[in-house]
Amino acid sequence: MADVSLKEAALIVGVVAACYWNSLFCGFVFDDVSAILDNKDLHPSTPLRNLFQNDFWGTPMSEERSHKSYRPLTVLTFRLNYLFSELNAVSYHFLNLVFHVVVCIVFLKVCKLFLDNRSSVVASLLFAVHPIHTEAVTGVVGRAELLSSIFFLAAFLSYTKSKGPDNTIVWTPIAVTVFLVAVATLCKEQGITVVGICCVYEVFIAQGYTLPALLDTAVQILRGKGSIPFSMLQTLLKLIVLMFSTLLLVVVRVQVIQSQLPVFTRFDNPAAVSPSPARQLTFNYLLPVNAWLLLNPSELCCDWTMGTIPLVESLLDVRNIATLTFFCFLGSLMVFSLRYPGDSSKTVLMALCLIVLPFIPASNLFFPVGFVVAERVLYVPSMGFCILVAHGWKKLSNKSVLRKISWVCLAAVLFTHALKTLHRNWDWESEYTLFMSALKVNKNNAKLWNNVGHALENEKNFERALQFFIQATQVQPDDIGAHMNVGRTYKNLNKTKEAEESYMIAKSLMPQIIPGKKYAARVAPNHLNVYINLANLIRANESRLEEADQLYRQAISMRPDFKQAYISRGELLLKMNKPLKAKEAYLRALELDRTNADLWYNLAIVYIELKDPTEALKNFNRALELNPTHKLALFNSALLMQESGDARLRPEAKQRLLHYVKEEPQDSNGYFNLGMLAMDDKKDMEAEAWMKKAIRLQPNFRSALFNLALLYSQTGKELMALPVLEDLLKYYPDHTKGLILKGDILMNQKKDIVGAKKCFEKILELDPKNVQGKHNLCVVYFEEKDLIKAEKCLVETLALAPHEEYIQRHLNIVRSKIASLGAMEQSSLPSDGTAATEAKKNSLQNLKEAKSEKTTTKSTVDNKEHSKNKKPTEKSSVDKETPKKSTKEIKDIEKKRVAALKRLEEIERILNGE
């Protein structure tokens, strides 16, 4: 067995790099979205065992919507990509390019078993540049083909070493082969077909039998004229081992898919649900179509489903000539390779094996698959095609007359194929470019029109997207998904009437419900979303909530295991204020899927509505056990812990909020709640830093601005609070508590009576019955020495809140002051007015203290610093009658009031959706 030289390997690396360098600039498109972007199995937080329980797309194998494509080792390489670069597409494409280089080099080694050195290099170069491979190499999901091919070829190379001297059996290479076959199969299902190639190699290459010789031996044995040769017994033993291992793999594979075939619709593969003879004629016609793509890869298309290839419904269809020609050519090659001995026939036989056997699983001949034609499944069959071409080129180049022409043709083929590959890579740059390139090849595929619409929809270009979706409904009028897309786009354009009409059309195309019978029509589960989408649309109208609920129940009656219907119905029932029924819906959904973190989260929300925070927290925790990075569960469970008032829960709440801001670093709510926790723990500097970070991310964050100002006022930094309050009132001029706090600071710290008066008057403009604002305005009148106006104001305030004792006390103080001043005017007073000044000072001081106490109650201003700066004065008779509280009691009351009002402000923020 000839080895691959360093020059040959370098040549292959250079050619592949030249053809595929631009693939590094492509993104995640088409199937990459489901396999990479939407696949939770790639995330490090997902247990590794899930890779072996779910299909290629991250769907549990037990679910009907699963495609049953079991490729855990391929998904493992995606996970490694994610570990190093997360969703950076460059690393994924680069690894695909590396794997393609490895396949080309290993393929060169295989070619040298059947071709001379020069022809082997030609076959390998043709394989490296063939445009049919762009879907497997440039499309990230094509990695399944690449990985499977590496182990496929490695298994075959290992088996070629199982023949020892004197035709003895070497078991180690056979054991390695079985292992590599299993690995190849875990990368992609077609890996198991290498066993068939090993069997053909053993019989016709290693043992040198021809079909006539085998038939002659079999006839002699059946007639009793001879016995089975020892060499043939050894061959049979090896084949039995191979076949038994293959059977074991098949049994395991069937167990993995739980003996269920995937569900495909007539849109995925129209011929699969067609009657005879259309089904057989169409499937047979697809074979020459695939062969033509290998021979002439000029018009490539990423999606060949739906109406791309019309059904062959009659024997008179002219396309049957192509089918007949293909089978005649293939049959003649098989007869040549099996009947005649010699190196040429052996080369042709192995080339045919590589073409035919790996293609069988995708041929639709034995079981239906979810596509009509898929270019990436031709990756391995193209190896046999390249060997055939190289072998034919060798025959031509050996003739002196055709030598130059053969070299020119070879150079032209390699050059044009390389250019086509390079150009084709750019089609995979984005979903829009990919599907637009496909529409140039085929305009009869509604799925392509839909996919272009989806690409435009992702760019928020709804008007253009709508045009493509409507075109899809015209190309395929019975395409339920297309009508659903039209409805969704109308909804995005706020055209609810048109959206409802489109959803109703889609609904009318669904199989009709038969009362009393279980829904069992084999349609795409996604089509059942028409009920969900229609219900979600009409439930925006409060008068149609029951109608929406009826749609959810209709979907459930059609498919009792339709999980999404229970989830959506639960949301609706919460909106209808029926939390107990919502709880039932979510519990039913959890019976179907207990590993869904979103369901546990939704159930936690239900328990919050049921005023059961303990159960709510348990369900939040269950959601986080299943998905430690569940953002909503992290945030809301932390909020629930914070709201509980239990100091023991604060450290865990803080850890969850820190985890949340790590996941969502641009969400100001996370930093704000960290600030609120720090305020609860009296960590003022930490609270200030979190609040400032929240405000930097969202300058108009109402609650963060107010609570930062509040924090400053509580820590004796009232003047620092003023600019924060200015920002708050710039964005929210009607923020009552902000106006109260600002007025309090202006009056007590800045001595700006005019500014404070404007704040309180503004409050009364917004809410004439606001007791706090009205009372503080009365204090302003007192500061302005307008006692009559202050008395009238306090009387009006007392009428608004007759049970507030402090208002009555302050009114008595003002009236006492008025009476005192009247008595002084009637008696002889000292010329300097000292007594009057002292009396005014005493009354004013009493009112200031009372006023500050009340302001503290409403605006949550801490008055500790104010109290320290006040001079000792005599108390009026009114104050003496009031029971005096100790300093400790006052501090405790203030703390409780501050905490209560902070909570009130936070609840207001939540209700306002901030």
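The preceding data block contains the structure.
So, here is what we can say about the structure in this document. Keep in mind the model is a prediction, meaning the values are calculated, not measured.

### Observations regarding the overall build of the chain
No. 1: In terms of regular secondary structure, the chain is built from 42 helices and zero strands.
No. 2: Expressed as a percentage of the 914 residues in the chain, the buried residues total 51%.
No. 3: Considering only contacts in the chain between residues 6 or more positions apart, those separated by 24 or more positions represent 66%.
No. 4: Of the roughly 42,700 Å² that the chain leaves accessible, carbon and sulfur atoms contribute 60%.

### Section: the pattern of salt bridges
No. 1: With the rule as written, the count across this model stands at 37 salt bridges.
No. 2: Salt-bridge contacts for K742 lead to E726; the nearest nitrogen and oxygen are separated by 2.8 Å. Remark: E726 occurs in helix 33 (residues 718–731) and K742 occurs in helix 34 (residues 736–750); sequence separation between them is 16 residues.
No. 3: A relative accessible area of 40% places E726 in the partly exposed class.
No. 4: In this structure, E796 engages K774 in a salt bridge whose closest nitrogen and oxygen atoms are separated by 2.7 Å. With a gap of 22 residues between them, E796 in helix 37 (residues 787–800) and K774 in helix 36 (residues 771–783) connect regions that are remote in the sequence.
No. 5: Classification of E796 by relative accessible area gives partly exposed; the value is 34%.
No. 6: Since its relative accessible area comes to 15%, K774 is described here as buried.

### Some words on the nonpolar core
If you look at soluble globular proteins, the nonpolar side chains tend to sit buried side by side.
No. 1: Counting 234 residues, the largest nonpolar core has F107 and F156 as the members making the most contacts within it.
No. 2: Counting residues per element, this core draws most heavily on helix 9 (residues 194–206), at 11 residues.
No. 3: The residues touching F156, leaving out its near neighbours within four places in the chain, are V110, L113, F114, V194, I197, C198, Y201 and M350.
No. 4: Core analysis: the second largest hydrophobic core is formed by 15 residues, A35, V75, Y82 and A89 among them.

### Looking at the state of the cysteines
The term disulfide refers to a covalent linkage connecting the sulfur atoms of a pair of cysteines.
No. 1: In total, this model carries one disulfide according to the counting rule given.
No. 2: Put simply, C778 and C793 are joined by a disulfide, and their sulfur atoms are 2.0 Å apart. Looking along the S-S bond of the C778-C793 disulfide, the torsion reads about -80 degrees, which is the left-handed sense. Here C793 lies in helix 37 and C778 lies in helix 36, a separation of 15 residues in the sequence.
No. 3: For C778, a relative accessible area of 2% puts it in the buried group.

Conventions we followed
- Residues numbered from 1 in each chain as written.
- Predicted model: local features only at pLDDT ≥ 70, side-chain atom pairs only at ≥ 80, totals over all residues.
- Heavy atoms only, no water.
- Helix = DSSP H or I, 4+ residues; strand = E, 2+ residues; numbered from the N terminus.
- Buried < 20%, exposed > 50% of the residue type's maximum accessible area, 1.4 Å probe, protein only.
- Contact = heavy atoms within 4.5 Å.
- Areas by Shrake-Rupley, 256 points an atom, 1.4 Å probe, with all protein chains shown as cover.
- Salt bridge = Lys/Arg side-chain N within 4 Å of Asp/Glu carboxyl O.
- Core = buried A, V, L, I, M, F, W, Y, C linked by side-chain atoms within 4.5 Å.
- Disulfide = S-S within 2.5 Å.

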